[in-house]
Amino acid sequence: MKKSHIYGPVPSRRLGLSLGVDIIPFKVCTLDCIYCQLGPTTKKTTEIKDYFSKKEIISQIKKRINTASRIDYITFSGSGEPTLNSKIGPLIKEIKKFTDIPVAVLTNSTLLTKKKVRESLKEADLVVPSLDAATQDVFENINRPHPSLKIKRIIEGIKKFREEFKGDLRLEIILVKGINDSDSHIKALRQAVNEIKPDKVQLNTVIRPPSEKYAHPLTRKEMEKIKNAIGKNCEIVAHFKRKGLTPEEENLHNIILDMICRRPVTVEDISGSLGRHKNEILKYIDMLKREGKIKAVTYENNDYYEPK
Ligand code: SF4
(Lines give C-alpha, C1' and ligand atoms only; values in the text may rest on other atoms or scores of the structure.)
Protein backbone atom coordinates (compact mmCIF):
# COMPACT_ATOMS: atom_id res chain seq x y z
CA MET A 1 0.00 0.00 0.00
CA LYS A 2 1.26 3.48 -0.89
CA LYS A 3 2.01 5.73 2.10
CA SER A 4 -0.30 8.70 2.39
CA HIS A 5 1.95 11.73 2.68
CA ILE A 6 -0.75 14.26 3.29
CA TYR A 7 -3.37 14.80 5.95
CA GLY A 8 -6.07 17.35 6.24
CA PRO A 9 -6.56 20.19 5.81
CA VAL A 10 -6.89 20.09 9.58
CA PRO A 11 -7.62 22.95 11.97
CA SER A 12 -4.39 24.07 13.58
CA ARG A 13 -3.99 26.38 16.54
CA ARG A 14 -1.29 28.29 14.70
CA LEU A 15 -1.96 27.94 11.00
CA GLY A 16 -5.72 28.01 10.47
CA LEU A 17 -6.56 25.20 8.05
CA SER A 18 -3.34 23.39 7.39
CA LEU A 19 -2.63 20.69 4.82
CA GLY A 20 -0.07 18.47 6.55
CA VAL A 21 2.75 16.95 4.50
CA ASP A 22 4.51 14.00 6.09
CA ILE A 23 7.82 13.06 4.47
CA ILE A 24 9.38 10.91 7.21
CA PRO A 25 8.72 7.27 8.17
CA PHE A 26 6.77 6.98 11.43
CA LYS A 27 8.82 8.41 14.29
CA VAL A 28 12.19 8.76 12.76
CA CYS A 29 13.53 11.76 14.64
CA THR A 30 16.68 13.35 16.04
CA LEU A 31 14.91 13.68 19.39
CA ASP A 32 12.65 11.64 21.65
CA CYS A 33 10.73 14.38 23.48
CA ILE A 34 9.00 13.37 26.70
CA TYR A 35 5.87 15.26 25.57
CA CYS A 36 5.73 13.84 22.03
CA GLN A 37 2.14 13.09 21.06
CA LEU A 38 3.28 10.37 18.66
CA GLY A 39 4.81 8.13 21.34
CA PRO A 40 8.45 7.00 21.65
CA THR A 41 10.91 7.60 18.81
CA THR A 42 11.48 4.34 16.95
CA LYS A 43 14.64 5.46 15.15
CA LYS A 44 16.77 8.22 16.69
CA THR A 45 19.13 9.47 14.00
CA THR A 46 20.77 12.55 12.50
CA GLU A 47 21.30 10.91 9.11
CA ILE A 48 19.64 12.89 6.32
CA LYS A 49 18.22 10.57 3.68
CA ASP A 50 16.07 10.44 0.61
CA TYR A 51 13.06 8.62 2.07
CA PHE A 52 10.22 8.79 -0.46
CA SER A 53 9.50 9.58 -4.09
CA LYS A 54 9.26 13.33 -4.64
CA LYS A 55 6.95 12.75 -7.60
CA GLU A 56 4.50 10.78 -5.47
CA ILE A 57 4.45 13.41 -2.68
CA ILE A 58 3.86 16.23 -5.17
CA SER A 59 1.10 14.29 -6.90
CA GLN A 60 -0.71 13.72 -3.58
CA ILE A 61 -0.43 17.43 -2.68
CA LYS A 62 -1.77 18.52 -6.09
CA LYS A 63 -4.70 16.13 -5.83
CA ARG A 64 -5.70 17.42 -2.40
CA ILE A 65 -5.33 21.07 -3.37
CA ASN A 66 -7.74 20.48 -6.24
CA THR A 67 -10.44 19.01 -3.99
CA ALA A 68 -10.13 20.96 -0.69
CA SER A 69 -12.38 23.98 -0.28
CA ARG A 70 -9.86 25.95 1.79
CA ILE A 71 -6.18 25.57 2.70
CA ASP A 72 -4.34 28.31 4.62
CA TYR A 73 -0.92 26.64 4.74
CA ILE A 74 0.85 23.63 3.26
CA THR A 75 2.78 22.45 6.30
CA PHE A 76 5.73 20.08 6.52
CA SER A 77 5.42 18.32 9.85
CA GLY A 78 4.20 14.85 10.64
CA SER A 79 5.65 11.59 11.87
CA GLY A 80 9.16 12.75 12.72
CA GLU A 81 11.65 15.53 11.92
CA PRO A 82 10.98 16.75 8.34
CA THR A 83 14.51 18.09 7.75
CA LEU A 84 15.82 14.50 7.95
CA ASN A 85 14.42 14.13 4.44
CA SER A 86 17.01 15.33 1.91
CA LYS A 87 14.24 16.28 -0.56
CA ILE A 88 12.58 18.91 1.62
CA GLY A 89 14.24 21.80 -0.30
CA PRO A 90 13.30 20.52 -3.80
CA LEU A 91 9.77 19.76 -2.54
CA ILE A 92 9.27 23.34 -1.29
CA LYS A 93 10.62 24.71 -4.58
CA GLU A 94 8.29 22.49 -6.59
CA ILE A 95 5.20 23.46 -4.54
CA LYS A 96 5.99 27.12 -5.13
CA LYS A 97 5.75 26.49 -8.88
CA PHE A 98 2.09 25.41 -8.86
CA THR A 99 0.39 27.20 -5.97
CA ASP A 100 0.35 30.48 -4.05
CA ILE A 101 -0.66 28.76 -0.81
CA PRO A 102 2.06 29.63 1.72
CA VAL A 103 4.42 26.86 2.78
CA ALA A 104 5.25 26.31 6.46
CA VAL A 105 7.84 24.02 8.05
CA LEU A 106 7.65 22.86 11.65
CA THR A 107 11.10 21.71 12.71
CA ASN A 108 12.76 20.73 15.97
CA SER A 109 15.74 22.95 14.94
CA THR A 110 18.41 20.31 15.56
CA LEU A 111 19.65 20.19 11.95
CA LEU A 112 19.72 23.96 11.42
CA THR A 113 23.39 23.67 12.37
CA LYS A 114 23.90 22.41 8.80
CA LYS A 115 24.21 24.98 6.00
CA LYS A 116 22.53 22.61 3.55
CA VAL A 117 19.45 22.28 5.76
CA ARG A 118 19.21 26.05 6.30
CA GLU A 119 19.46 26.54 2.52
CA SER A 120 16.73 23.96 1.89
CA LEU A 121 14.21 25.91 4.00
CA LYS A 122 14.91 29.35 2.60
CA GLU A 123 11.99 29.35 0.13
CA ALA A 124 9.40 28.51 2.79
CA ASP A 125 7.10 31.36 3.86
CA LEU A 126 7.00 30.40 7.52
CA VAL A 127 9.39 28.34 9.60
CA VAL A 128 8.58 27.36 13.17
CA PRO A 129 11.71 26.05 14.86
CA SER A 130 11.26 24.74 18.38
CA LEU A 131 13.53 25.42 21.31
CA ASP A 132 12.52 23.97 24.67
CA ALA A 133 15.91 24.17 26.37
CA ALA A 134 18.78 26.60 26.64
CA THR A 135 21.11 24.37 28.67
CA GLN A 136 22.41 20.90 27.84
CA ASP A 137 21.00 19.24 30.98
CA VAL A 138 17.47 20.55 30.37
CA PHE A 139 17.82 19.62 26.66
CA GLU A 140 18.66 16.06 27.63
CA ASN A 141 15.81 15.85 30.13
CA ILE A 142 13.05 17.18 27.92
CA ASN A 143 14.13 16.31 24.36
CA ARG A 144 16.30 13.20 24.94
CA PRO A 145 18.46 14.02 21.88
CA HIS A 146 20.69 11.90 19.67
CA PRO A 147 24.04 11.80 21.57
CA SER A 148 25.80 13.96 18.97
CA LEU A 149 23.50 16.96 19.50
CA LYS A 150 24.55 19.97 21.58
CA ILE A 151 22.08 22.71 22.44
CA LYS A 152 24.67 25.52 22.18
CA ARG A 153 25.38 24.61 18.56
CA ILE A 154 21.64 24.33 17.83
CA ILE A 155 20.98 27.84 19.20
CA GLU A 156 23.85 29.08 16.97
CA GLY A 157 22.20 27.28 14.04
CA ILE A 158 18.82 28.98 14.67
CA LYS A 159 20.59 32.35 14.93
CA LYS A 160 22.33 31.79 11.58
CA PHE A 161 19.06 30.71 10.01
CA ARG A 162 17.37 33.87 11.33
CA GLU A 163 20.04 35.97 9.62
CA GLU A 164 19.70 34.13 6.31
CA PHE A 165 15.94 33.51 6.16
CA LYS A 166 13.72 36.28 4.76
CA GLY A 167 10.36 34.76 5.74
CA ASP A 168 8.38 34.64 8.97
CA LEU A 169 10.22 32.90 11.82
CA ARG A 170 8.21 31.91 14.88
CA LEU A 171 10.07 30.22 17.67
CA GLU A 172 8.03 27.65 19.56
CA ILE A 173 8.72 26.75 23.18
CA ILE A 174 6.92 23.80 24.75
CA LEU A 175 6.80 24.09 28.52
CA VAL A 176 6.63 21.04 30.76
CA LYS A 177 5.96 21.38 34.47
CA GLY A 178 9.05 20.92 36.64
CA ILE A 179 11.27 20.21 33.61
CA ASN A 180 12.01 23.47 31.77
CA ASP A 181 9.94 26.08 33.65
CA SER A 182 12.27 27.09 36.51
CA ASP A 183 13.03 30.81 36.87
CA SER A 184 16.71 30.28 36.10
CA HIS A 185 15.97 28.25 32.97
CA ILE A 186 13.39 30.77 31.71
CA LYS A 187 16.10 33.42 32.12
CA ALA A 188 18.46 31.33 29.97
CA LEU A 189 15.70 30.83 27.37
CA ARG A 190 15.03 34.58 27.31
CA GLN A 191 18.72 35.17 26.63
CA ALA A 192 18.60 32.70 23.70
CA VAL A 193 15.42 34.34 22.35
CA ASN A 194 17.06 37.78 22.52
CA GLU A 195 19.99 36.48 20.50
CA ILE A 196 17.86 34.65 17.92
CA LYS A 197 15.45 37.58 17.35
CA PRO A 198 12.47 35.60 15.99
CA ASP A 199 9.41 37.44 14.62
CA LYS A 200 7.37 35.83 17.37
CA VAL A 201 7.74 33.45 20.29
CA GLN A 202 4.89 31.00 20.74
CA LEU A 203 4.47 29.30 24.08
CA ASN A 204 2.81 25.95 24.20
CA THR A 205 2.41 23.22 26.77
CA VAL A 206 1.51 19.52 26.95
CA ILE A 207 -1.95 19.42 25.40
CA ARG A 208 -2.21 15.94 23.89
CA PRO A 209 -1.40 12.63 25.60
CA PRO A 210 2.40 12.70 26.00
CA SER A 211 4.95 9.97 25.40
CA GLU A 212 5.79 10.01 29.13
CA LYS A 213 3.13 10.20 31.80
CA TYR A 214 5.30 12.49 33.95
CA ALA A 215 5.18 15.25 31.30
CA HIS A 216 2.55 17.57 32.77
CA PRO A 217 1.19 20.84 31.36
CA LEU A 218 1.51 24.27 32.96
CA THR A 219 -1.57 26.19 34.00
CA ARG A 220 -2.69 29.26 32.05
CA LYS A 221 -1.49 31.44 34.96
CA GLU A 222 1.97 29.86 34.94
CA MET A 223 2.16 30.31 31.17
CA GLU A 224 1.18 34.00 31.52
CA LYS A 225 4.01 34.55 34.00
CA ILE A 226 6.54 33.02 31.59
CA LYS A 227 5.09 34.98 28.67
CA ASN A 228 5.75 38.20 30.60
CA ALA A 229 9.26 37.05 31.52
CA ILE A 230 10.17 36.24 27.89
CA GLY A 231 9.03 39.71 26.83
CA LYS A 232 7.63 41.32 23.73
CA ASN A 233 6.48 39.32 20.69
CA CYS A 234 5.70 36.40 22.97
CA GLU A 235 2.27 34.82 22.89
CA ILE A 236 0.52 31.81 24.32
CA VAL A 237 -0.73 29.82 21.36
CA ALA A 238 -4.47 30.33 21.35
CA HIS A 239 -6.87 27.45 20.97
CA PHE A 240 -8.37 27.05 17.51
CA LYS A 241 -12.00 28.00 17.45
CA ARG A 242 -14.30 25.38 15.94
CA LYS A 243 -16.27 28.09 14.18
CA GLY A 244 -13.68 28.05 11.36
CA LEU A 245 -14.32 24.45 10.28
CA THR A 246 -15.34 23.75 6.72
CA PRO A 247 -18.37 21.47 6.15
CA GLU A 248 -15.98 18.61 5.30
CA GLU A 249 -14.12 19.00 8.62
CA GLU A 250 -17.35 19.41 10.53
CA ASN A 251 -18.39 16.10 9.02
CA LEU A 252 -15.15 14.35 10.02
CA HIS A 253 -15.42 15.80 13.53
CA ASN A 254 -18.91 14.26 13.84
CA ILE A 255 -17.88 10.90 12.33
CA ILE A 256 -15.03 10.57 14.84
CA LEU A 257 -17.34 11.50 17.73
CA ASP A 258 -19.87 8.89 16.53
CA MET A 259 -17.19 6.20 16.43
CA ILE A 260 -16.06 7.06 19.97
CA CYS A 261 -19.67 7.00 21.22
CA ARG A 262 -20.18 3.47 19.87
CA ARG A 263 -17.22 1.81 21.63
CA PRO A 264 -13.84 2.81 23.13
CA VAL A 265 -11.33 3.26 20.29
CA THR A 266 -7.66 4.16 19.90
CA VAL A 267 -6.26 6.76 17.49
CA GLU A 268 -4.96 3.83 15.39
CA ASP A 269 -8.48 2.29 15.21
CA ILE A 270 -9.95 5.57 13.94
CA SER A 271 -7.05 6.24 11.57
CA GLY A 272 -7.26 2.70 10.13
CA SER A 273 -10.99 2.69 9.63
CA LEU A 274 -11.19 6.19 8.10
CA GLY A 275 -8.00 5.83 6.05
CA ARG A 276 -6.73 9.12 7.50
CA HIS A 277 -3.31 9.94 8.91
CA LYS A 278 -2.85 9.54 12.69
CA ASN A 279 -1.82 13.17 13.05
CA GLU A 280 -5.04 14.33 11.48
CA ILE A 281 -7.09 12.19 13.86
CA LEU A 282 -5.09 13.56 16.83
CA LYS A 283 -6.16 17.10 15.97
CA TYR A 284 -9.83 16.16 16.13
CA ILE A 285 -9.29 14.15 19.33
CA ASP A 286 -7.67 17.23 20.83
CA MET A 287 -10.63 19.38 19.77
CA LEU A 288 -13.23 16.91 21.13
CA LYS A 289 -11.35 16.75 24.44
CA ARG A 290 -11.30 20.52 24.72
CA GLU A 291 -15.01 20.58 23.98
CA GLY A 292 -15.47 18.19 26.92
CA LYS A 293 -17.11 15.54 24.73
CA ILE A 294 -14.65 12.68 25.13
CA LYS A 295 -12.05 11.45 27.61
CA ALA A 296 -9.00 9.20 27.42
CA VAL A 297 -8.74 5.96 29.38
CA THR A 298 -5.64 3.81 29.52
CA TYR A 299 -5.96 0.05 29.26
CA GLU A 300 -2.94 -2.24 28.97
CA ASN A 301 -0.68 0.67 27.96
CA ASN A 302 -3.00 1.84 25.18
CA ASP A 303 -4.95 5.10 25.19
CA TYR A 304 -8.62 4.59 24.36
CA TYR A 305 -11.17 7.34 23.84
CA GLU A 306 -14.73 7.16 25.11
CA PRO A 307 -17.59 9.64 25.63
CA LYS A 308 -17.37 11.82 28.73
S1 SF4 B 1 7.83 16.20 19.45
FE2 SF4 B 1 8.67 16.39 17.38
S3 SF4 B 1 10.84 16.60 17.74
FE4 SF4 B 1 10.02 15.75 19.61
S5 SF4 B 1 10.20 13.54 19.38
FE6 SF4 B 1 8.15 14.11 18.65
S7 SF4 B 1 8.42 14.36 16.46
FE8 SF4 B 1 10.48 14.43 17.35
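A. Focus on the pairing of strand β5 (residues 73-77). Within β5, five of the five residues are buried, leaving the element largely enclosed by the surrounding structure. Every second residue of β5 is oriented toward a common face, with Tyr73, Thr75 and Ser77 on one face and Ile74 and Phe76 on the other, all of them buried. Sheet topology places strand β2 (residues 16-22) next to β5; five bridges connect them, and they run parallel. Pairing of Ser18 across the sheet is with Tyr73, part of β5. A crossover links β5 with its parallel partner strand β6 (residues 103-107), the connecting element being helix α2 (residues 88-98), and its sense is right-handed.

B. The arrangement of the nonpolar core in detail. Counting residues in each nonpolar core, the largest one holds 64 residues, and the members touching the most others are Val21, Tyr35, Ile74, Ala104, Ile142 and Val176. For this core, the element with the most residues is helix α5 (residues 151-164), which contributes five residues. Excluding residues that lie within four positions of it along the chain, Val176 makes contacts with Ile34, Tyr35, Ile142, Val206, Ala215 and His216. Within the second largest apolar cluster, 13 residues are counted, among which are Val267, Ile281, Leu288 and Tyr305.

The rules behind the values
Every chain is numbered independently, its residues counted from 1 as its sequence is written. Restriction of local features to residues with pLDDT of at least 70 applies here, the model being predicted, together with a cutoff of 80 or more for giving and counting side-chain atom pairs; totals for whole chains, interfaces and linings are based on all residues. Think of it as a crowd count around each C-beta: if 20 or more other C-beta atoms lie within 10 Å the residue is buried, if 12 or fewer it is exposed, and in between it is partly exposed, with C-beta placed from the backbone throughout. Runs of E in the DSSP output that reach at least two residues are strands. Runs of H or I that reach at least four are helices, and both are numbered from the N terminus. Strand pairing is assigned whenever DSSP identifies at least 2 bridges connecting the two strands. Here the term right-handed applies to a crossover when the path leading from its first strand over the helix to its second strand runs clockwise, the strands being oriented away from the viewer. Connectivity within a nonpolar core runs through C-beta atoms within 7 Å, and the core itself is a set of buried Ala, Val, Leu, Ile, Met, Phe, Trp, Tyr and Cys residues. Residues are treated as contacting if the C-beta atoms built from their backbones sit within 7 Å of each other.

Read these as geometric descriptors, not functional statements.
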